[in-house]
Amino acid sequence: MSRRTKIGLGIAAAVLALGVGGAGLAYALTGEGQTVTGPAADRARNAAVSAVPRDKASEVDTDNAPAADDVKVPKPDGSTVTVVLDENDHVLGVQPAGQDDDGDDR
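Read on for a plain summary of the structure. (Residues numbered from 1 in each chain as written. Predicted model: local features only at pLDDT ≥ 70, side-chain atom pairs only at ≥ 80, totals over all residues. Heavy atoms only, no water.)

1. Describing the pairing of strand 3 (residues 80-85)
Here comes step 1: The buried fraction of strand 3 is high, at five of six residues.
Here comes step 2: In the sheet, strand 2 (residues 69-74) pairs with strand 3 via six bridges, with the strands oriented antiparallel. Residue pairing in the sheet places Lys-72 in a bridge with Thr-82 of strand 3.
Here comes step 3: Hairpin connection between strand 2 and strand 3: a loop of five residues separates the two successive antiparallel strands, and Gly-78 in this loop has a positive phi of roughly 95 degrees.
Here comes step 4: In this structure, strand 3 lies alongside strand 4 (residues 91-96), joined through five bridges in antiparallel fashion. Counted as the bridge partner of Val-84 is Gly-93 from strand 4.
Here comes step 5: Hairpin connection, strand 3 to strand 4: the antiparallel pair is bridged by five residues, and Asp-89 has positive phi, about 60 degrees. (Buried < 20%, exposed > 50% of the residue type's maximum accessible area, 1.4 Å probe, protein only. Helix = DSSP H or I, 4+ residues; strand = E, 2+ residues; numbered from the N terminus. Pairing = 2+ DSSP bridges.)

See the structure below:
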């Protein structure tokens, strides 16, 4: 294999690696489908139970763009609501669990 071919293959491999890495980074930065844990999740749960009077909230995730966090809060009747929070844990709204932003469940 000539030197020129080896250099070309090296450059092609580097470009491919950067493209794959960039796509992974972009996905990670969007936060889609990410479970929130630790102190950030604790702050989000506290904000959610302030909005929906309950003693406990369950999972916290980042599925609901443009909001920062969605917090699932079980209600006494067995149903669950989602409290939608912004990046500062201010409540943007409360909706039935599984309903998206425009209310059409899609």
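Once you've had a look at it, read on.
2. What about unusual backbone geometry?
Here comes step 1: Its identity is not glycine, yet Asp-89 carries a phi of approximately 60 degrees, on the positive side.
Here comes step 2: For Asp-89, a relative accessible area of 19% puts it in the buried group.

3. What to know about the pattern of salt bridges
Here comes step 1: Enumeration over the complete set of coordinates arrives at three salt bridges.
Here comes step 2: For Asp-89, the salt bridge goes to Arg-43, with nearest N and O atoms at 4.0 Å. Taken together, the residues Asp-89 in the loop between strand 3 and strand 4 and Arg-43 in helix 2 (residues 38-51) connect sequence positions 46 residues apart.
Here comes step 3: With its nearest N and O atoms 3.4 Å apart, the salt bridge here joins Asp-61 to Lys-72. Here Asp-61, found in strand 1 (residues 60-61), pairs with Lys-72, found in strand 2; they are eleven residues apart in sequence, far enough to count as distant.
Here comes step 4: In this structure Asp-61 comes out as buried when scored by relative accessible area, which is 5%. (Salt bridge = Lys/Arg side-chain N within 4 Å of Asp/Glu carboxyl O.)

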